[in-house]
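Per-entry structural report
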Amino acid sequence: MLNKTLAFDDIITFTRNSTATYWDANGVLQTAAADEPRFDHDPVTGEPLGILIEEQRTNLMPDMPSDTSSWTGADDFNNVEVNGMGPGLTAWSMENLEINQSRGRTKNIGAFSSSSETLSFYIENVDADETSFGVYDVQNPGFAFGVLYDWLTDTVSELSSPKGTVDSIGAELVSESGPNGGRLVRVWVSGVADNPGNSRRIILYPTGQSLNSKTCIIHPGQLEEGAFPTSHIPTSGAAATRSLEAPQVGLPAAWFSQEGGTFLAEFDFSPYSEKGIQVVLTCDSTTNSNYAVLMRVTLAGLSNITRKSGTSASLTYPEGDFPDPFNKTKCAYSFKEDQFFASADGFPFKADYNGEVSPTQNILRIGRGYGSEANGYIRAISYWPWAMSGQELEELTS
């Protein structure tokens, strides 16, 4: 930007009509106020990841299992409140009293939707061999989808005979030494129930379904509609929504040229999200969707960088030609009349030598546009008010 590095607040307007959580450099879960950007970190290494941008989601789980909550099964465990993952958060140590097999905590939460749903818990071990949970179909008895986490092997597996379709299961390490000294992981399962409209019941087995006297610590959980988990949304007695994040820059600006230029974006995608179009940035007209720049990555594994002035043209990397899009990626695009170049991660540039630049660019959207959001991390965006050559883009992104 004219050989200057400007502060975030100097050029970017950021809106989000709710609070949201992020990990700080010390691995503590913090809460950002409404309209405050989240500069997230890897909770294990403390590495800065960039600005976190996510779609709107609602946590349908109104509270967490405790000693007196609305979850059944409290009498089967010795429940002790312990340290939470961050300010204002609690956790419960649950020692299985070895009364019988399949001792768990349960809570009915509404009815199944017809789309994908994701259930996740942050869990911290004391001496358990396994922890399992899932979403149970009350009318058609059985788990619509569920997951078992094996603490001994650090592996996940589906609960048997699901009454639905399992989209994905997973576990992500949060800390080798959590707030109570145990290994802390986030475990999730996503799926679609066979019987939308049936009552759903969350069942959590803190120490597995066998007869045992083990102990595991349960941190907050999340039930959300969507095919992958998103950042934790705290609740307190009722469902809570994290609003859509919308960072953008109004154009024209002193540093921006309508006739042409070069954008470089460095980004990571969420470790959970591998669904749909992931938009890095768009530069277009707010009224006519005349894109000068649209950077996006899809599940098919391609980078699609589009210019549009009345008609569309795409510079694409077909599947197999583009590296895994859900890791760190550099993407660059330059544009001026009859000259459009693109390169990603040092790959040979793509070119289009025909077309006009939209004359009405008045907004730069970061991490969103084209009806989708990034669901990941924008690490850096650079701009030059001239159109670089294809070879220069290769060097920028290598």
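Counting restarts for each chain: residues are numbered from 1 in the order of the written sequence. Where totals are concerned, whole chains, interfaces and linings use all residues; where local detail is concerned, this predicted model gives features only for residues with pLDDT of at least 70, and gives and counts side-chain atom pairs only at 80 or more. Computation of side-chain values: all heavy atoms of the structure, hydrogens and water removed.

**Section: the overall build of the protein chain**
Formally: In DSSP terms, a helix is any run of H or I states spanning at least four residues, a strand is any run of E spanning at least two, and both are numbered starting from the N terminus. Only protein chains enter the accessibility calculation, which uses a 1.4 Å probe. A residue is then buried if its area is under 20% of the maximum for its type, exposed if over 50%, and partly exposed in between.
Across its full length, the protein chain carries two helices and 30 strands. Put simply, the protein chain has 398 residues, and 54% of those count as buried.

**A look at the pattern of salt bridges**
A side chain with one charge may pair with a side chain of the opposite charge, provided their charged atoms come close. Test applied: In the sections that follow, a salt bridge refers to a side-chain nitrogen of Lys or Arg positioned within 4 Å of a carboxyl oxygen of Asp or Glu.
If you walk through the whole model with that rule in mind, you get 14 salt bridges. Across the salt bridge formed by Glu54 and Arg242, the nearest N and O atoms sit 3.6 Å from each other. In this pair, Glu54 is assigned in the loop between β4 (48–53) and β5 (57–59) and Arg242 in strand β17 (residues 240–242), connecting sequence segments 188 residues apart. A single network of salt bridges, built from pairs that share partners, joins Arg16, Arg38, Glu54, Arg242 and Glu245.

**Looking at the nonpolar core**
Looking at soluble globular proteins, one finds that nonpolar side chains tend to be buried together. Put simply, the test is: What is meant by a nonpolar core is a set of buried Ala, Val, Leu, Ile, Met, Phe, Trp, Tyr and Cys residues, joined one to another through side-chain atoms within 4.5 Å. Contacts are assigned to residue pairs with any non-hydrogen atoms lying within 4.5 Å of each other.
Among the nonpolar cores identified, the biggest contains 33 residues, and Trp255, Phe263, Val293, Met295 and Phe335 are the most heavily contacted of them. Where this core is concerned, the elements lending two or more residues are β4, β19 (261–269), β20 (278–284), β21 (293–297), β24 (329–336), β25 (339–344), β27 (363–366) and β30 (376–384). Per element, the largest residue contribution to this core is four residues, and it comes from β19. Ignoring anything within four residues of it in the chain, the contact list for Phe263 reads Phe256, Leu281, Val293, Met295, Cys331, Ala332, Tyr333, Phe335, Leu364, Ile381, Ser382 and Tyr383. Residues Met94, Phe112, Phe145 and Cys216 belong to the second largest nonpolar core, which totals 29 residues.

**Notes on the side chain of Thr262**
Selection criterion: N or O atoms within 3.5 Å of each other form a polar contact, as long as, within protein, one can give a hydrogen and the other can take it, and as long as residues adjacent in sequence are counted only when both atoms are side-chain atoms.
Its place among the elements puts Thr262 in strand β19. At 2.7 Å, the side chain of Thr262 and the backbone oxygen of Trp386 are in polar contact. Excluding residues within four positions of it along the chain, Thr262 makes contact with Tyr333, Ser334, Phe335, Ser382, Tyr383, Trp384, Trp386, Ala387, Met388, Leu393 and Leu396.

**Some words on the sheet that holds strand β16 (residues 215–225)**
Defined as follows: Only strands that DSSP links by at least two bridges are regarded as paired with each other. Every axis corresponds to a line fitted to the C-alpha atoms, with the helix fit spanning only the stretch in contact, and the corresponding angles, defined between N-to-C directions, vary from 0 to 180 degrees.
Read across the sheet, six strands follow the order β6-β7-β16-β9-β14-β13 without closing on themselves; strand pairing throughout is antiparallel. Each end of this open sheet is capped by a strand with a single partner; those strands are β6 (77–83) and β13 (164–175). Shown here is a sheet whose adjacent strand axes are inclined to one another by a mean of 25 degrees, direction ignored. Bridge count for strand β7 (residues 90–96) against β16 is four bridges, and the pairing is antiparallel. Within β16, the position partnered with Ser93 by the bridge is Ile217.

**Points about the side chain of Thr215**
Mapped onto the secondary structure, Thr215 falls in strand β16. Leaving out residues up to four positions away in the same chain, Thr215 has contacts with Ser93, Met94, Glu95, Asn125, Val126, Asp127, Ala128 and Thr207.

**Things to note about the sheet that holds strand β15 (residues 199–205)**
Adjacent strands of a sheet pair through backbone hydrogen bonds, lying either parallel or antiparallel. One open sheet accounts for five strands, arranged β8-β15-β10-β11-β12; its pairing is antiparallel. Edge strands, defined here as strands with exactly one partner in the open sheet, are β8 (105–111) and β12 (155–158). Neighbour to neighbour, the strand axes of the sheet diverge by 15 degrees on average, direction disregarded. Note that β8 and β15 share five bridges and pair antiparallel.

**Digging into the packing of aromatic side chains**
Each aromatic ring pair is characterised by the separation of its centres together with the angle its planes make. The cut-off we apply is this: Each aromatic pair joins two rings of Phe, Tyr and Trp (for Trp, the six-membered one) with centres within 6.5 Å, and gets the label stacked for planes under 30 degrees apart, edge-to-face for over 60, and tilted for any other angle.
Under the defined criterion, the tally for this structure stands at twelve aromatic pairs. Taken together, a centroid distance of 6.2 Å and an interplanar angle of 70 degrees make the contact between Trp23 and Tyr122 edge-to-face. You can see Trp23 sitting in strand β1 (residues 20–23) and its partner Tyr122 sitting in strand β9 (residues 117–125), a full 99 residues away along the chain. Note on accessibility: Trp23 and Tyr122 belong to one class, buried.

**Section: the environment of Ser18**
Along the chain, Ser18 turns up in the loop between α1 (8–11) and β1. Among the residues examined, Ser18 registers a relative accessible area of 10% and is labelled buried. Taking the C-alpha atoms as reference, Ser18 lies 5.6 Å from Ser243; in sequence the two are 225 residues apart. The contact partners of Ser18, leaving out residues within four places of it in the chain, are Ala33, Ala34, Asp35, Thr241, Arg242 and Ser243. One polar contact links the side chain of Ser18 to the main-chain amide nitrogen of Ser243, over a distance of 2.8 Å.

**Points about unusual backbone geometry**
A cis amide bond, omega 0 degrees, links Leu251 with the succeeding residue Pro252. Note on placement: Pro252 falls in the loop between β18 (248–250) and β19. Here Ser161, not a glycine, exhibits a phi torsion of approximately 50 degrees, which is positive. For Ser161, the position within the fold is in the loop between β12 and β13.

**Details of helix α2 (residues 390–397)**
Threshold: Directions pointing from the helix axis toward each C-beta atom define the arc.
Considered for burial, the residues of α2 that qualify are Gly390, Leu393 and Thr397. Summarising the axial view, the buried residues of α2 lie within an arc of 55 degrees, below the 170-degree limit, and thus occupy one face. On its buried face, α2 is in contact with β19, β24 and β25.

**Structural notes on the pairing of β15**
Of all seven residues in β15, five are buried; the element is thus mostly enclosed. Pairing of strand β10 (residues 130–137) with β15 involves six bridges; the strand directions are antiparallel. Bridging across to β15, Phe133 finds its partner in Leu204.

**Structural notes on the pairing of strand β14 (residues 184–193)**
Remark: a regular strand shows side chains that alternate across the two faces of the sheet. With nine of its ten residues buried, β14 lies for the most part within the structure. Pairing of β9 with β14, which is carried by eight bridges, proceeds in the antiparallel orientation. Across the sheet, residue Tyr122 finds its bridge partner in β14, namely Arg186. Where β13 lies against β14, ten bridges are found, and the strand directions are antiparallel. If you follow Ile169 over to β14, its bridge partner there is Val189.

Taken by themselves, the reported measurements are silent on function.
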